[in-house]
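A look at the structure
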Amino acid sequence: MRETTTMISRPARALAAVLCAAALTLAAGCATGDPVAEADYYLDLSDEPMAASDIDLATVDGEPWSFTDVADDRLTLLFFGYTSCPDVCPMTMAEIDLALGQAEDSADDYDVVMVSTDPARDTDEQLRSWLDRFDPSFQGVRGDIDATVEAAGDYGIPIDAPQETEGQYLVTHGGRIVVLLPGGEAAGMFDEGTEADQIAALLPALADAQL
């Protein structure tokens, strides 16, 4: 069976209302030397963070988990993906891992959570084993696919339930990395395809500004 992944590079409708405001903020900040404002690969929502999703999921350890359960003294890098993804998901997690290594002391200000967009095949054991290849501290979260789709939509990440057609298993998911505040609100997003050194360059500034 052929594995197919479909990426959606633009945010869902939930972000449409903030794009203009974010662009104005970016333009205003370019003269200040603020690395966050000057980064064209990062959508800064800190002036009006997106509300935390109220969807309940579970960790790979079987513990209840919600987006408001993120650490209250750190920021969280959130990604929606799946373990059998042939390219984007492993590359994204590898870039996050490299970025945290490059950020050195600032890495202590961040947690990483991946929510499976293919929970039917991503068992707890599979997701845990896959994340361990990058960093054992990365948290895996799963839940009902309909709940997962809704949660992703709450953060403007467009995903669909997996579909099997004509021998192909199609999984659609967005590629952005969401930066969550301690309360679960989204303070910003890295564009899909953002490289480790770009992520690492903003981690200290984001932590200083949001913690």
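Bear in mind the structure is a predicted one, so any value in this text is a computation, not a measurement. (Residues numbered from 1 in each chain as written. Predicted model: local features only at pLDDT ≥ 70, side-chain atom pairs only at ≥ 80, totals over all residues. Heavy atoms only, no water.)

Side note on the overall build of the chain
For the chain, the helix and strand inventory stands at six helices and eleven strands. Put simply, the chain has 211 residues, and 46% of those count as buried. The contacts of the chain with a sequence gap of at least 6 include a subset with a gap of at least 24, amounting to 73%. Only carbon and sulfur atoms are counted for the fraction: they give 47% of the accessible area of the chain, which is about 9800 Å². (Helix = DSSP H or I, 4+ residues; strand = E, 2+ residues; numbered from the N terminus. Buried < 20%, exposed > 50% of the residue type's maximum accessible area, 1.4 Å probe, protein only. Contact = heavy atoms within 4.5 Å. Areas by Shrake-Rupley, 256 points an atom, 1.4 Å probe, with all protein chains shown as cover.)

Details of the sheet that holds strand β6 (residues 110–116)
Taken in spatial order, the eight strands line up as β2-β11-β10-β5-β6-β7-β3-β4 in an open sheet, and their pairing is mixed. Looking along the sheet, the strands with just one partner apiece sit at the ends: β2 (42–44) and β4 (64–66). Averaged over all pairs of adjacent strands, the angle between strand axes in this sheet comes to 30 degrees, irrespective of strand direction. Looking at chain direction, strand β10 (residues 177–180) and strand β11 (residues 186–190) are connected through four bridges and run antiparallel. What sits directly across from Leu180, in β11, is Ala186. Contacts from helix α6 (residues 196–210) reach β2, β5 (75–81), β6, β10 and β11, with the element oriented near 170 degrees to β11. (Pairing = 2+ DSSP bridges. Axes fitted to C-alpha atoms, helices over the stretch in contact; angles between N-to-C directions.)

A short note on the pattern of salt bridges
Taken as a whole, this structure holds six salt bridges when the rule is applied. With a shortest N-O distance of 3.0 Å, Arg128 and Asp132 are connected by a salt bridge. One end of the pair is Arg128 and the other is Asp132, both in helix α4 (residues 124–132) and four residues apart, which spans about a single turn. The shortest N-O distance in the salt bridge between Asp191 and Arg176 comes to 3.5 Å. Placement of the pair is Asp191 in the loop between β11 and α6 and Arg176 in the loop between β9 (168–174) and β10, with a sequence separation of 15 residues. On the basis of relative accessible area, Asp191 is assigned to the partly exposed category, the value being 25%. Connected through shared salt-bridge partners, Asp73, Arg74 and Asp111 make up one network. (Salt bridge = Lys/Arg side-chain N within 4 Å of Asp/Glu carboxyl O.)

Some words on the nonpolar core
By size, the foremost hydrophobic cluster in this structure holds 39 residues, and its most contacted members are Tyr42, Met93, Phe190 and Leu206. Sorting elements by how many residues they give to this core places α6 first, with seven residues. When sequence neighbours within four positions are dropped, the list of residues in contact with Leu206 reads Val36, Tyr42, Leu75, Tyr110, Val179 and Phe190. (Core = buried A, V, L, I, M, F, W, Y, C linked by side-chain atoms within 4.5 Å.)

Focus: helix α3 (residues 88–103)
The end-to-end C-alpha distance of α3 is 22 Å, a good match for the 22 Å that 16 residues give at a rise of 1.5 Å each. Along α3, the positions that sit buried rather than exposed are Cys89, Thr92, Met93, Glu95, Ile96, Ala99, Leu100 and Ala103. Along the long axis of α3, the arc covered by the buried residues comes to 155 degrees, so they all point the same way. Glu104 sits one or two positions beyond α3 and adopts a positive phi of about 55 degrees. (Expected span 1.5 Å × (residues − 1). Arc of directions from axis to C-beta.)

Looking at the packing of aromatic side chains
The final tally for this structure, using the stated rule, is six aromatic pairs. Their ring planes at 70 degrees and their centres at 4.9 Å tell us that Trp65 and Phe67 sit as a pair that is edge-to-face. Using a relative accessible area of 0% as the deciding quantity, one classes Phe67 as buried. The structure contains a cluster of three or more aromatic residues connected by ring pairs, namely Trp65, Phe67, Phe80 and Tyr155. Positioned above the aromatic ring of Tyr169, the side-chain terminus of Arg121 is 3.7 Å from the ring centre. (Phe/Tyr/Trp six-rings, centres within 6.5 Å; stacked < 30°, edge-to-face > 60°. Lys NZ or Arg CZ within 6 Å of the ring centre and 35° of its normal.)

Focus: the confidence of the model for the chain
With 85% of its residues at a pLDDT of at least 70, the chain reaches an overall mean of 87. Note on residues 8–31: pLDDT is under 50 here. Beyond four places in sequence and across chains, it has 34 contacts. (pLDDT = per-residue confidence, 0-100.)

Some points on the pairing of β9
When you tally the buried positions in β9, you get five out of seven residues, the bulk of the element. Sheet topology note: the strand β8 (residues 163–165)/β9 ladder contains three bridges and is antiparallel. Within β9, the position partnered with Gln163 by the bridge is Leu170. Connecting β8 to the next strand, β9, in antiparallel fashion are two residues, including Glu166 with a positive phi near 50 degrees.

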